[in-house]
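This is what each chain is made of:
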Amino acid sequence: MNTSASIPATWCGEIPLYAVTLTLFAACITLLAQNGIYPDFAPILANGHLYLLTILGLGAVDTGVFLWRERPADPVAAVTARYTSRCAIKQALRGLPCLVILIVLIPFFSKMKAAIPLFNDYTWDAAFIAWDRAIFGGYDAWEIMQPVIGYPVITAFLAFLYQVWFLLLYPGCLFFAFARIDPLLKRQFFLTYVLSWSLIGGAMATWLASVGPCFVGPILGNPAFDEQMAYLNAANDQLPVMTLTVQQMLLDWFAADANGLGSGITAMPSMHVAIAFLFWLAVRRHSHRFGTAFAAFFAVTWLSSVHLAYHYAVDGLVSVLAVTVFWKVSGAVIGAWDSLLNQSAYPAARTKTVPAE
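Here goes a summary of the coordinates provided. (Residues numbered from 1 in each chain as written. Predicted model: local features only at pLDDT ≥ 70, side-chain atom pairs only at ≥ 80, totals over all residues. Heavy atoms only, no water.)

This model, assessed by the stated rule, comprises four salt bridges. The closest approach of N and O atoms between E14 and K186, which form a salt bridge, is 3.1 Å. In this pair, E14 sits in the loop between α1 (7–13) and α2 (15–33) while K186 sits in helix α11 (residues 183–207), placing the two residues 172 residues apart along the sequence. As a salt-bridge pair, R82 and D62 come within 3.1 Å of each other at their nearest N and O atoms. Highlighted residues: R82 in helix α4 (residues 75–84) and D62 in helix α3 (residues 41–70), separated in sequence by 20 residues. Judged by its relative accessible area of 35%, R82 falls in the partly exposed class. (Salt bridge = Lys/Arg side-chain N within 4 Å of Asp/Glu carboxyl O. Helix = DSSP H or I, 4+ residues; strand = E, 2+ residues; numbered from the N terminus. Buried < 20%, exposed > 50% of the residue type's maximum accessible area, 1.4 Å probe, protein only.)

Shown next, in the form of structure tokens:
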């Protein structure tokens, strides 16, 4: 496949992505229905609204840059031609199926995340605390970091960056859906993205059910991280630590048994780390310069997930290992599908042979 492939050819090349996505969605719907939970279109509409606002915002920025660079005599005609050209429409249609997947995926994940207590109890925190302490010589991971980054100004900045991560889900994913990039990279990214949310954020999070350092106290009655939370709240008295507000919101939703967009509590594995790592794997294939920046963002995200009490260090480690496997499997699946399509389009010529005498 190439970036100028026809729309049917593009969609045909993405059949493995559609098949895996539909299969996982069907499994999710079935599991939830068995527990009396059925699809709710309100979170999907809310997520679609967020993507629409993101598209409009990106369009406004692109239009401004275009007009500043080109300075056309008739700005309205120039902008109209830019976005209604045959090429632009074809590119939009090529990315449309991936946009639909993006709009539906996170609401499904949120509903599964909120339903974890229906399938498993939160019993893994003690094990993950022990694993962290085994790795860090008897200390919790945050205690090792604290002498270096345990200052309110650094904590507030890391909390801000932790929220910036959500831009990966909206402008970041829209780039991979609609930009003119290597089709193999696009398909490998989206297949890994779907597998990560479904299997890491869904199946593995249910199997390894845990609440994380910030919630072991209020939910499980474990005081192991009271000192860390006391520091974060003290830092928040000096500078806003944005993640504390989100953590309280998640706790309130948990108490209210809410299952809307963004709800649910789970620590292992870390989806923040998983998605940041996935973006680094993908972006470095597209641009070495931006790949370096995303490598730094991935490292900061992992560090922040521990410092801000969302995760144990091993949560990020498991995420990295799982995404690595899914990335390689996705590449192999897409490669095998392309080979199958090529064989179908160009069957090997059959030649008649005469046996040697």
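Past the structure itself, the notes keep going.
Put simply, M268 and P269 share a cis peptide bond, and its omega is -15 degrees. Assignment of secondary structure puts P269 in the loop between α14 (242–255) and α15 (271–286). In this model, R71 sits at a positive phi of 45 degrees, which is unusual for a non-glycine residue. Among the secondary structure elements, R71 is positioned in the loop between α3 and α4. One non-glycine residue with positive phi stands out, namely A309, at about 75 degrees.

Looking now at the packing of aromatic side chains. In this structure the tally under the stated criterion is 24 aromatic pairs. Taking the centre distance of 6.3 Å and the plane angle of 70 degrees together, the rings of W124 and W207 count as edge-to-face. On the criterion of sequence distance, the pair formed by W124 in the loop between α6 (116–119) and α7 (125–135) and W207 in helix α11 is long-range, its members being 83 residues apart. Residue class for W124 comes out partly exposed when judged on its relative accessible area of 24%. A relative accessible area of 54% means that W207 is categorised as exposed. Seen from their ring centres, F128 and Y312 are 6.3 Å apart, and the 50 degrees between their planes marks the pair as tilted. One end of the pair, F128, is in helix α7; the other, Y312, is in the loop between α16 (288–307) and α17 (313–345), and 184 residues separate them in sequence. When sorted by exposure, F128 lands in the same class as Y312, which is buried. Ring pairs connect the aromatic residues F109, F175, F176, F189, F190, Y193, W197, F279 and F294, which therefore count as one cluster. When the ring centre of Y83 is taken as origin, the NZ or CZ atom of R82, which lies over that ring, is 5.8 Å away. (Phe/Tyr/Trp six-rings, centres within 6.5 Å; stacked < 30°, edge-to-face > 60°. Lys NZ or Arg CZ within 6 Å of the ring centre and 35° of its normal.)

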